[in-house]
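# Structural overview
Letter by letter, the chains look like this.
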Amino acid sequence: TVLDVGTWEQIFQELMQQEKPRARWTLKLDKNLDPNCLAEGWKQYELKGFGRFQCSSCQRSWASAQVHILCHMHLESHKSQGQVIMRLFAQRCKKCSWSRFENPEFSPESTMRILKNVVLRILKKFYDFKKFAELPIIREVPLDGSHDTNNCEGCSLGFCLLRLRNNTTEPSVSPFSPTGSSSPTGDVFSQSQVIFIAKWLEEGR
Ligand SMILES: [Zn+2]
Ligand SMILES: [Zn+2]
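We now turn to the structure provided with this report. Since this is a predicted model, take the numbers as computed values, not measurements. (Residues numbered from 1 in each chain as written. Chains lettered and ligands numbered in written order. Predicted model: local features only at pLDDT ≥ 70, side-chain atom pairs only at ≥ 80, totals over all residues. Heavy atoms only, no water.)

## What to know about the coordination of the zinc ion (ligand 1)
For the zinc ion (ligand 1), the protein coordination sphere consists of C55 (SG), C58 (SG), C93 (SG) and C96 (SG), at 2.3 to 2.4 Å. Donor residues for the zinc ion (ligand 1) sit on one chain with the sequence pattern C-x2-C-x34-C-x2-C. You can see C55 sitting in the loop between strand 2 (43-54) and strand 3 (61-76) and its partner C93 sitting in the loop between strand 4 (81-88) and helix 2 (108-127), a full 38 residues away along the chain. When its relative accessible area of 0% is taken as the criterion, C55 is described as buried. (Donors = N, O, S within 2.8 Å, 3.2 Å for Na, K, Ca; no water. Helix = DSSP H or I, 4+ residues; strand = E, 2+ residues; numbered from the N terminus. Buried < 20%, exposed > 50% of the residue type's maximum accessible area, 1.4 Å probe, protein only.)

Shown next as structure tokens:
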């Protein structure tokens, strides 16, 4: 199963609403979002996820735990209205160097991890949540070889440089836990919420 864009938007809103019921956040995917061009008042967040690709020339498929994802995020505090614009970076078949960049596909579980990390980052950036630890990437199949930077759209746009620069100012994991009741992973989502979302996904809404 692969979730379509509309489902990504719905899950994101659902997750956001559980944490901030009064705020209204939307998510849009944009293939042209530029990592080097951030509008004023917006914040940038880069993460990686596990995704799958298929070559449209030779039909070969491959998986990657380094699918680059870029988010631009903005909150209009007076209106309690937030926006996320997200770009999922493509990869190209290494056997067919002439072929085009293919868009990634994500399992429901991988989608959920990515969107939860986006929500966690929003809570930290815009609502001063101190407790913060990103969910790790789960490799759904064993992967061999390192990241194929030559055939990665994100890397060809200088994503690696960007990541290096951001990491110096923005540690992704904070050990500080104000409540003391946190799980070791620092996940802000309660068990019941996770079950809720899992059911919601199963029903195929
Ligand atoms: Zn191919
Ligand atoms: Zn890359």
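On we go from here.
## Quick look at the packing of aromatic side chains
On inspection of all chains with the given rule, the structure shows 3 aromatic pairs. Judged by centre distance (5.5 Å) and plane angle (55°), the rings of W25 and F126 are tilted. Separated by 101 residues along the polypeptide, W25 in strand 1 (residues 24-29) and F126 in helix 2 bring together distant segments of the chain. (Phe/Tyr/Trp six-rings, centres within 6.5 Å; stacked < 30°, edge-to-face > 60°.)

## A closer look at the side chain of R87
You can see R87 is positioned in strand 4. Side-chain polar atoms of R87 contact the backbone oxygen of K31, separated by 3.1 Å. Residues contacting R87, with those up to four places away along its chain left out, are D30, K31, N32, L33, H68, I69, L70, E153 and L157. (Polar contact = N/O pair within 3.5 Å; in protein donor to acceptor, adjacent residues only side chain to side chain. Contact = heavy atoms within 4.5 Å.)

## Describing the pairing of strand 3
Among the 16 residues in strand 3, 12 count as buried, and that is most of the element. One ladder, built from 11 bridges, connects strand 2 with strand 3; its direction is antiparallel. Across the sheet, R52 pairs through a bridge with A63, a residue of strand 3. What sits between the antiparallel neighbours strand 2 and strand 3 is a turn of 6 residues, in which Q59 has the positive phi angle 70°. One ladder, built from 8 bridges, connects strand 3 with strand 4; its direction is antiparallel. When the bridges of strand 4 are listed, C71 appears paired with M86. Taken together, strand 3 and the strand that follows it, strand 4, pair antiparallel across an intervening segment of 4 residues, in which S80 is found at a positive phi of about 55°. (Pairing = 2+ DSSP bridges.)

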